[in-house]
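# An overview of the molecular structure
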Amino acid sequence: MKDKIRIASGQGFWGDLIEAPYYQVTKGQIDYLVMDYLAEVTMSILQKQKNKNPELGYAKDIPELMKRILPICKEKNIKVITNGGGVNPVACGKAIVKVAESLGVKGLKIGIVLGDDIKDSIEDLIAGGSYLKNMESGVCIASVKDKLLSANVYFGAFPIVQALQNGADIVITGRTTDTGLTLAPMIYEFGWKQNEYDLLSAGTIAGHILECGAQSTGGNFLGDWESIPNFAEIGFPICEAFPNGEFMITKHESLGGKVTVETVSEQLLYEIGNPEEYITPDCVADFTSIQVEQAGENRVRVFGIKGKPETEFYKVSCSYADGFSSSGSLTYSWPQALTKAKAADKILRKRLELLNLSFDEIRSEFVGYNSCHGPLAKELDEDLINEIQLRISVRSQDYHSVERFGKEIAPLILTGPPSVTGFAGGRPKPNEVVAFWPALLSKKLVEPRVEILEV
Amino acid sequence: MKIKLIDIAHGRSGDKGDAANVGIIAYDEKGYEIIEKHLTVERVKKHFEGICFGAVERFELPNLRALNFILHNTLGGGGTVSLKLDAQGKTLAAALLRMEINVQ
């Protein structure tokens, strides 16, 4: 058994810094590169791509990235774990096989985790008495099943562990928890058991710190953000994990960013609910047990973590089509920028009313004034305001109404208040609104599967 | 004496469906005593009037000198449905740090 492993975060979401994983594998020694590509909305986008072309449905950045890092990972013995397989992890695995063949890399095993996609079994599940009730409203999923775009169970770390035990150098999953990507190598390397809940919780919390990339190394830091060095080459977090569940958060020395108790604490608080019950498929971690201390420059020691047994349910995330939305904007300059933007908003709303269009919501925001903090924004002497962007958005089940809204923005330039500009992008088009349906499903009803592709 | 919350604490916010989570972290123990005492559910709910339209939940993490607030019915329907520019509540931690507190 190893006495320490270094797990590096390479991506906090699909769209994150493309250079980050390359830096992680080249700027110092690591054992694992873990990459989270899946936000909730990503699954529905990938499902749409797969519907058009059965060879798609995964994060297309992955084969591109593999072209750059595969030989390096092979040489330095770095394993890669990612949930970027999306709704088609097999196709993602095959794309990596192609990359490996074109580079002449041999002796590579790619583990694929399958079974999270339950979209085609929804009817059977309902028939069998699993109603996948919305966790917020309590309504049965039958009410939206005709509009479903995707439906996936969140798997935890153990299917990845199985892939590693089968010799995988790269593990591609579909909907796996972000935290499971980091926990899995600890379970695999240190031989942690399924009922060692303090240890599993420690690895889960390490995963929470890594899952948003540079958000734990100075990115989006709301403390003294100007003290963060070299944002341009910010180092993503690295977790040095130990068999007893303690770990150290750090980064490659030569890169920018900063690892302090403050930067790590902000990430610990990010998107959590009840801190005593951070529920994952692997365990229920207790964030009130976490101890953090500065152990050196850019080194934060995390220890003392406690946890409880996992629940008997998987979380399920379903997405469904829920109408259309669109957003347009115009910019008004001094003098009276805010007054003019507000007048334009009134005129536009009156026109929409006269057209008898149907909207579920119309929202107007005055960017540069109150779009972020609403009523908390300070009143300003209007003479000090240089410019204001009016951003107006609509949402409706009726496509025609949203499309027509898009044609009503530009006319304001010649038919409304003066000194207006900023309409270069053309008419805003209706976007399909994707809504989410969070639910629970008994773990007995879904079985993860692992396949291995070999090069 | 009136102090600004932003001088004694920092934080981070994000989305959980239609709810926002706002984590506030004090820079030191004294700061934690202040936020623990003054950042009540009622005070935070009032601060976010016109932004948060549901219940406010508060959780304490004394180990991190932090409080976590869940603001329900805040994000205009949640991440992908919301028409808000800040659909994920990313700027709400800064909004809470605007608060001023009277301390002895």
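Residues numbered from 1 in each chain as written. Chains lettered and ligands numbered in written order. Predicted model: local features only at pLDDT ≥ 70, side-chain atom pairs only at ≥ 80, totals over all residues. Heavy atoms only, no water.

## So, the overall build of chain A
- Helix and strand counts for chain A stand at 12 helices and 19 strands.
- Counting only C-alpha atoms and orienting by the principal axes, one finds that chain A spans roughly 75 × 55 × 50 Å.
- Taking all 455 residues of chain A together, 56% fall into the buried category.
- Relative to all contacts within chain A whose residues are 6 or more apart in sequence, the contacts with residues 24 or more apart total 77%. (Helix = DSSP H or I, 4+ residues; strand = E, 2+ residues; numbered from the N terminus. Buried < 20%, exposed > 50% of the residue type's maximum accessible area, 1.4 Å probe, protein only. Contact = heavy atoms within 4.5 Å.)

## Examining the domain arrangement of chain A
- Domain parsing of chain A yields domain 1 (5–116 + 154–311) and domain 2 (323–433).
- On a C-alpha basis, the centres of domain 1 of chain A and domain 2 of chain A stand 40 Å from each other. (Domains from an automatic or database assignment.)

## A word on the sheet that holds strand β4 (residues 109–114) of chain A
Residue and element names in this part refer to chain A.
- Spatial ordering of the open sheet is given by β11-β12-β8-β7-β1-β2-β3-β6-β4-β19, a layout of 10 strands whose pairing is mixed. Edge positions in the open sheet fall to β11 (291–296) and β19 (449–454), since each of these has one partner strand only. Across the sheet, the mean angle separating the axes of adjacent strands is 20° when strand polarity is ignored.
- One ladder, built from four bridges, connects β4 with strand β6 (residues 170–173); its direction is parallel. (Pairing = 2+ DSSP bridges. Axes fitted to C-alpha atoms, helices over the stretch in contact; angles between N-to-C directions.)

## What about the nonpolar core?
- Judged by nonpolar contacts, the single largest core of 75 residues is most densely connected at Phe247(A) and Leu268(A).
- Aside from chain neighbours lying at most four places away, what touches Leu268(A) is Ile205(A), His208(A), Ile209(A), Phe287(A), Ile290(A), Val292(A) and Leu64(B).
- Counting residues in hydrophobic clusters, the runner-up holds 37 residues, among them Leu33(A), Met35(A), Ile69(A) and Val97(A). (Core = buried A, V, L, I, M, F, W, Y, C linked by side-chain atoms within 4.5 Å.)

## Description of the pattern of salt bridges
Residue and element names in this part refer to chain A.
- All chains considered together, the criterion is met by 21 salt bridges over all chains.
- With a closest N to O distance of 3.0 Å, arginine 301 and glutamate 293 form a salt bridge.
- Given the relative accessible area of 23%, arginine 301 is considered partly exposed.
- Aspartate 345 is the salt-bridge partner of arginine 349, the closest N and O atoms lying 3.3 Å from each other. Residue arginine 349 and its partner aspartate 345 are located together in helix α10 (residues 337–354), separated by four residues, close to a single helical turn.
- For aspartate 345, a relative accessible area of 9% puts it in the buried group.
- Several salt bridges converge on common partners, so that one network encompasses Arg6, Glu240 and Arg299. (Salt bridge = Lys/Arg side-chain N within 4 Å of Asp/Glu carboxyl O.)

## Looking at the layout of surface pockets
- By volume, the second largest pocket amounts to about 340 Å³.
- Taken together, 21 residues form the lining of the second largest pocket, with Arg363(A), Glu365(A), Gly374(A), Gly50(B) and Lys84(B) sitting closest to its centre.
- When residues of the lining of the second largest pocket are assigned to their parent elements, the largest contribution, five residues, is made by strand β15 (residues 361–367) of chain A.
- For the lining of the second largest pocket, the class distribution of residues is seven nonpolar, nine polar and five charged. (1 Å grid on protein atoms, 1.4 Å probe; cavity = no way out; pocket = protein on both sides within 12 Å on 5 of 7 lines; lining within 4 Å. Points joined across faces, edges and corners; volume = space filled by probe spheres on them. Nonpolar A, V, L, I, M, F, W, Y, C, P; charged D, E, K, R; others polar.)

## Concerning the packing of aromatic side chains
Residues and elements named next belong to chain A.
- All told, the structure shown has five aromatic pairs over all chains when counted by the stated rule.
- Each ring, one from phenylalanine 324 and one from tyrosine 399, has its centre 5.1 Å from the other, and the planes form 85°; the classification is edge-to-face. Of this pair, phenylalanine 324 sits in strand β14 (residues 313–333) while tyrosine 399 sits in helix α11 (residues 399–406), and the two are 75 residues apart along the sequence.
- Judged by relative accessible area, which is 38%, tyrosine 399 ranks as partly exposed.
- If you follow lysine 443 out to its NZ or CZ, it ends over the ring of tyrosine 314, 5.6 Å from the centre. (Phe/Tyr/Trp six-rings, centres within 6.5 Å; stacked < 30°, edge-to-face > 60°. Lys NZ or Arg CZ within 6 Å of the ring centre and 35° of its normal.)

## Topic: helix α2 (residues 40–52) of chain A
- Residues of α2(A) that are buried include every one of Thr42(A), Met43(A), Ser44(A), Leu46(A) and Gln47(A), and no others.
- Buried residues along α2(A) sit against β5 (148–153), β14 and β18 (431–442) of chain A.

## Observations regarding unusual backbone geometry
- Going from Trp334(A) to Pro335(A), the amide bond is cis rather than trans, its omega being 0°.
- Even without a glycine there, the phi angle at Asn77(A) is positive, about 60°.
- You will see that Arg65(B), though not glycine, has its phi angle at about 55°, which is positive.
- Relative to the assigned elements, Arg65(B) resides in the loop between β4 (56–61) and β5 (66–71).

## Considering the interface of chain B and chain A
- Listed by partner, the interface residues are 37 residues for chain B and 46 residues for chain A.
- Between chain B and chain A, the buried area comes to about 3500 Å², and carbon and sulfur atoms account for 61% of it.
- A per-residue breakdown of the area chain B buries against chain A is headed by Arg12(B), Leu83(B) and Leu85(B), which together make up 24% of the total.
- Viewed at the interface, chain A and chain B are joined by one salt bridge.
- Residues Arg12(B) and Glu266(A) are paired through a salt bridge, measuring 3.2 Å at the closest nitrogen-oxygen approach.
- Our count for the chain B to chain A interface comes out at 23 residue pairs in polar contact (both at pLDDT 80 or more).
- For the side of chain B that touches chain A, the secondary-structure elements that each account for two or more residues are β2 (9–16), β3 (19–26), β4, β5 and α4 (92–96) of chain B.
- Here the element with the most residues in the side of chain B that touches chain A is β2(B); it accounts for seven residues. (Buried area = accessible area lost by both parts, 1.4 Å probe. Polar contact = N/O pair within 3.5 Å; in protein donor to acceptor, adjacent residues only side chain to side chain.)

## Describing the sheet that holds strand β10 (residues 284–286) of chain A
All names here are of chain A.
- Sheet architecture is open: three strands sit in the order β9-β10-β13, paired in antiparallel fashion. The open sheet has two free edges, formed respectively by β9 (278–279) and β13 (306–308), since each of these has just one partner strand.
- Where β9 lies against β10, two bridges are found, and the strand directions are antiparallel. For tyrosine 278, the partnering residue across the bridge sits in β10 and is alanine 285.
- Sitting on the sheet, helix α8 (residues 197–210) touches β9, β10 and β13, and the angle it makes with β13 is about 110°.

## Here we look at a nonpolar patch on the surface
Residue and element names in this part refer to chain A.
- The grouping of Met135, Phe313 and Leu440 at the surface amounts to a nonpolar patch, some 270 Å² of accessible area in total.
- As for its placement among the helices and strands, leucine 440 is situated in strand β18.
- Residue classification places leucine 440 among the partly exposed residues on the basis of a relative accessible area of 39%. (Patch = residues over 30% accessible without salt bridge, like charges linked within 9 Å, V, L, I, M, F, W, Y side chains within 5 Å. Areas by Shrake-Rupley, 256 points an atom, 1.4 Å probe, with all protein chains shown as cover.)

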